[in-house]
Amino acid sequence: MAEKEGSSDDGVVAEIEKKIIEAFEVFDHECNKTADVREIGSIVRSLGCFPTEAELHELLAKVEEEEPTGYIHLEKFLPVMTKVLLDRSYRPIPEDVLLHAFEALDENKCGYITKEELVKYLTEEGEPFTQEEMEDMLSTALDPETNTVRYRDYISMMIVDEN
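Cut-offs and rules
Residues numbered from 1 in each chain as written. Predicted model: local features only at pLDDT ≥ 70, side-chain atom pairs only at ≥ 80, totals over all residues. Heavy atoms only, no water. Helix = DSSP H or I, 4+ residues; strand = E, 2+ residues; numbered from the N terminus. Buried < 20%, exposed > 50% of the residue type's maximum accessible area, 1.4 Å probe, protein only. Arc of directions from axis to C-beta. Contact = heavy atoms within 4.5 Å. Phe/Tyr/Trp six-rings, centres within 6.5 Å; stacked < 30°, edge-to-face > 60°. Expected span 1.5 Å × (residues − 1). pLDDT = per-residue confidence, 0-100. Axes fitted to C-alpha atoms, helices over the stretch in contact; angles between N-to-C directions. Parallel < 35°, antiparallel > 145°, perpendicular 65-115°, else oblique. Nonpolar A, V, L, I, M, F, W, Y, C, P; charged D, E, K, R; others polar. Patch = residues over 30% accessible without salt bridge, like charges linked within 9 Å, V, L, I, M, F, W, Y side chains within 5 Å. Areas by Shrake-Rupley, 256 points an atom, 1.4 Å probe, with all protein chains shown as cover. Salt bridge = Lys/Arg side-chain N within 4 Å of Asp/Glu carboxyl O. Lys, Arg positive; Asp, Glu negative; His and termini not counted. Charge placed at Lys NZ, Arg CZ, Asp CG, Glu CD.

**What to know about unusual backbone geometry**
So, point 1. At K33, a residue that is not glycine, the phi angle is positive and equals roughly 60°.
So, point 2. Examined against the element boundaries, K33 turns out to sit in the loop between α1 (2-26) and β1 (34-36).
So, point 3. For N147, which is not a glycine, the phi torsion comes out positive at approximately 60°.
So, point 4. Structurally, N147 is set in the loop between α7 (131-141) and β4 (148-150).

Given below as structure tokens:
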């Protein structure tokens, strides 16, 4: 019986490693088992993990070479990311927490936030968004007719189904 359990665990690990390698290869533009350090966040998020910028920097510290080259090697990334997935680290923020955060920003309690308000909050407060992150979010979240973010609709689009 113990042998079957071990092989089952090995199968889970092999499946996880396969997913990681496939995600990594999308960003391995030189086909040399490396990815640009700036793309590691995209790889991690594509695997269903959502670390903060600080957590991402901690992860990068574990996988970067002693002398940083600007590239991450798959052989260093694979065991670290496998552990992240096995431990279910960097889970997405629950829907109710997201809703509460948006409601806190919605001073008039009208169910939406204007583009201007959102840009101000997300670029000037806390862990600020970069210009590119802001543009990515607005391209998805913003209603072009009203120039507002109806946050309940946006949250519904963002929720990751973990089943």
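**Brief notes about helix α3 (residues 53-63)**
So, point 1. If you check which residues of α3 are buried, you get L56, L59, L60 and V63. All buried residues of α3 fall inside an arc of 100° around its axis, so they share one side. Within α3, the exposed residues directed more than 90 degrees away from the buried face are H57, E58, A61 and K62.
So, point 2. Looking at the packing, one finds that the buried side of α3 touches α2 (40-46), β2 (71-73) and α4 (74-86).

**Here's the deal with the packing of aromatic side chains**
So, point 1. Taken as a whole and assessed by the stated rule, the structure comprises three aromatic pairs.
So, point 2. Relative to Y154, the ring of F102 has its centre 6.2 Å away and its plane inclined at 85°; by these criteria the two rings are edge-to-face. Of the two residues, F102 sits in helix α5 (residues 95-105) while Y154 sits in helix α8 (residues 151-158), which places them 52 residues apart along the sequence. There is no split in this pair, since F102 and Y154 are both buried.

**Considering α4**
So, point 1. End to end, α4 covers 18 Å across 13 residues, agreeing with the expected 18 Å (1.5 Å per residue, within 8%).
So, point 2. Looking at α4, one finds that the buried residues are L74, F77, L78, V80, M81, T82, V84 and L85.
So, point 3. Where α4 terminates, the next one or two residues include R88, which has phi positive at roughly 55°.

**Details of the confidence of the model for the chain**
So, point 1. This prediction gives the chain a mean pLDDT of 88; 93% of its residues lie at or above 70.
So, point 2. Within the chain, α1 has the poorest average pLDDT of any element, 80, and α4 the best, 96.
So, point 3. Low pLDDT, under 50, characterises residues 1-6; the stretch is placed with zero contacts to residues that sit more than four places away or in other chains.

**Brief notes about the packing of α3 against α4**
So, point 1. Viewed as axis vectors pointing N to C, α3 and α4 meet at an angle of 140°, and their least axial separation amounts to 9 Å. The orientation of α3 relative to α4 falls into the category oblique. Residues L59, K62 and V63 of α3 touch α4, and the partners they reach there are K76, F77, V80 and V84.
So, point 2. Tallied by class, the residues present in the contact of α3 with α4 amount to five nonpolar, no polar and two charged.

**Focus: a negative patch on the surface**
So, point 1. Together, E127, E132, E133, E135 and D136 make up a region of like negative charge exposed at the surface.
So, point 2. If you trace the backbone, E135 turns up in helix α7.
So, point 3. Among the residues examined, E135 registers a relative accessible area of 46% and is labelled partly exposed.

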